[in-house]
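# Fold and geometry: a report
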There are 2 protein chains.
Amino acid sequence: MTEQAGISIQQIVEKVWLSIAERRLRPGVQLKEGQMAAIFDVSRARIRQALAALEREGLVTIIPNRGAFVCQPTVDEARDVFTIRRSVESRVVARIGASVTKADLSRLRGHVAQERTANTNDATTDIIKLSGGFHLLLAEISGSDFLFGMMRDLISRTSLITAVYRNTARFNCGPDEHAEIVDAIAAGDLKKASALMEHHLEHVESELDLREVRDMSHDLRAALA
Amino acid sequence: MTEQAGISIQQIVEKVWLSIAERRLRPGVQLKEGQMAAIFDVSRARIRQALAALEREGLVTIIPNRGAFVCQPTVDEARDVFTIRRSVESRVVARIGASVTKADLSRLRGHVAQERTANTNDATTDIIKLSGGFHLLLAEISGSDFLFGMMRDLISRTSLITAVYRNTARFNCGPDEHAEIVDAIAAGDLKKASALMEHHLEHVESELDLREVRDMSHDLRAALA
DNA sequence: CATTCAAAAATTGTCTACAATATTTTCGTA
DNA sequence: TACGAAAATATTGTAGACAATTTTTGAATG
């Protein structure tokens, strides 16, 4: 992490999120206040604010008197997150559907285009930002502060989960599928948009290695046989 | 609010939540740091931590350089909250179902009994705490930190919404319905438990006056005619 | 060599003073 | 009386110092 003079708390939060999503910070790592204050050249008070925000987003757990640690999501929690995320995304699509404007659609299509450019350039940081950013943009367009806040947390948590449980080096979640969702919204077909979103999230979830512990046992038995 | 020497941040948060739920603090009211610091006899720094937590739970919105204000939820947001809450509650029930213990059930039944006692005593503060607390206990028993955190926020937001949009003086959400849900879980009938929970939340939502703005216009026209 | 205890060091928790920003009041002018 | 500008006041934002807690290190003992 490089020094950033005059950096905002939100910028600190984003940098930590990206470091986690890019697997440079792994679960269990301690984020020491003094160290981070030096890295970002801010006071400890501001680091504490950033850590509180990271805890809110599920990326970090703060243990009183001991410190802040990057979270280790469990398999069950991963499934919880995807389950709840599907209903939040569905609600967002429903909220967008009746009132989406040409400007909204233009923004969404522009965003997908940016995703494609980042893919072409193999720009990991941009890919991660834009992949989650597409879903955040949908939530923003829905006009619901509540859904936007929910989505922000869910995107953060999903980033952590994919960093831990995804076996591939792939960081995006598919501009093609995003484009299809935009097209369905543009066509006013909310059922289709919702179904495409569900399929998209199932696709993302299917890329994670969330095998049950007993499957691990099975593998171990096979390995020892 | 009375002075509390040695009060924790969580206690401050709870006091503000209760004040909002009991309609003693209305939407738009500013929570001034210095004033709250004096009321609770703590430093401003701790009040800022409590306000950040209240913002996280959706009860307060902090406007930079201007202050913290109790939120005014919109009708659409209220509907969003109930929609997402239904899926979170359903997921909690699913997570509890396969592994619920006798001790869990005992705790749940004890909680419902407490709710009934509070009702009999017409103890408003206890009623509010225990009503939301039942759902939090379910989430705790599910063993999922994520679902517990989600539920905590949703309970807070629901309290604010009911304070604003419920026309009756009723503060609880029904020990009888809670007891039925516990019975269904105890019987291993998760479909039934989930359906009862859904019905319960629809019941809570139906007690809110969430008419559309145009209905207000209609009322105004009738009033002016 | 392993264990225990005390001291030192590291880290987090909290407070208060100062800086920055916003709001209210006062004063001058038309 | 109304309006605008400046001053005063109120409130929030931030930093560094001190307090409290936890962890690590070093010494003593068996």
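In this text, all values refer to a predicted model and were calculated from it rather than measured experimentally.

What follows is about the sheet that holds strand β2 (residues 60-63) of chain B. Residue and element names in this part refer to chain B. Strand order in this open sheet of 3 strands is β1-β3-β2, and the pairing throughout is antiparallel. Either end of the sheet is taken by a strand with one partner, and the two such strands are β1 (30-31) and β2. Relative to strand β3 (residues 67-70), β2 runs antiparallel, the two sharing 4 bridges. Bridge pairing links V60 to V70 in β3.

Right, let's get into helix α7 (residues 145-165) of chain A. Compared with an ideal rise of 1.5 Å per residue, which puts 21 residues at 30 Å, α7 of chain A spans 30 Å between its outermost C-alpha atoms and is within 8% of the ideal. Extensive coverage of α7 of chain A is indicated by the burial of 17 of its 21 residues.

Residues and elements named next belong to chain A. Along its sequence, chain A is organised into domain 1 (9-70) and domain 2 (75-206). Its C-alpha centre places domain 1 at a distance of 25 Å from the equivalent point of domain 2. In this complex, domain 1 contributes 14 residues to the contact, which on the side of domain 2 involves 17 residues. Across the domain 1/domain 2 interface, buried area totals approximately 1400 Å², and carbon plus sulfur atoms make up 58% of it. It is W17, R23 and E57 in domain 1 that bury the most area against domain 2; as a group they hold 40% of the surface buried on that side. At the junction of domain 1 with domain 2, the criterion picks out 2 salt bridges. With a closest N to O distance of 3.5 Å, R152 and E57 form a salt bridge. Residue composition of the side of domain 1 that touches domain 2, grouped by class: 7 nonpolar, 1 polar and 6 charged.

The next subject is the protein's contact with DNA strand C. Surrounding DNA strand C, one finds 16 residues, the nearest of these being K32, R44 and R48 of chain A together with S43 and R46 of chain B. Backbone atoms, meaning sugar plus phosphate, form 70% of the atoms of DNA strand C positioned within 4 Å of the protein. In this structure, S43 of chain B approaches DNA strand C through a side-chain N or O atom, which is 2.5 Å from a phosphate oxygen. Between N65 of chain B and DNA strand C, the recorded distance is 3.5 Å, taken from a side-chain N or O atom to a sugar or linking oxygen.

Right, let's get into the pairing of β3 of chain B. Put simply, side chains in a regular strand alternate between the two faces of the sheet. Residue and element names in this part refer to chain B. Only one face of β3 is buried, namely the one carrying A68 and V70, since none of G67 and F69 on the opposite face is buried. Looking at chain direction, β1 and β3 are connected through 2 bridges and run antiparallel. Looking at the pairing, L31 lines up with A68 of β3. As consecutive antiparallel partners, β2 and β3 are separated by 3 residues, and within that stretch N65 has a phi angle of approximately 70°, a positive value.

Note: a rotation about an axis with an accompanying shift along it relates these two copies of the chain. With an RMSD of 0.0 Å, chain A superimposes on chain B once it is rotated by 180° and translated 0.0 Å along the axis. Put plainly, the chains are arranged around a two-fold axis. Looking at chain A, 100% of its interface residues are interface residues in chain B too, so the copies touch through the same face.

What counts, and where the lines are drawn
Residues numbered from 1 in each chain as written. Chains lettered and ligands numbered in written order. Predicted model: local features only at pLDDT ≥ 70, side-chain atom pairs only at ≥ 80, totals over all residues. Heavy atoms only, no water. Pairing = 2+ DSSP bridges. Helix = DSSP H or I, 4+ residues; strand = E, 2+ residues; numbered from the N terminus. Expected span 1.5 Å × (residues − 1). Buried < 20%, exposed > 50% of the residue type's maximum accessible area, 1.4 Å probe, protein only. Domains from an automatic or database assignment. Contact = heavy atoms within 4.5 Å. Buried area = accessible area lost by both parts, 1.4 Å probe. Salt bridge = Lys/Arg side-chain N within 4 Å of Asp/Glu carboxyl O. Nonpolar A, V, L, I, M, F, W, Y, C, P; charged D, E, K, R; others polar. Near = heavy atom within 4 Å. Polar contact = N/O pair within 3.5 Å; in protein donor to acceptor, adjacent residues only side chain to side chain. Least-squares fit on C-alpha atoms with pLDDT ≥ 70 in both.

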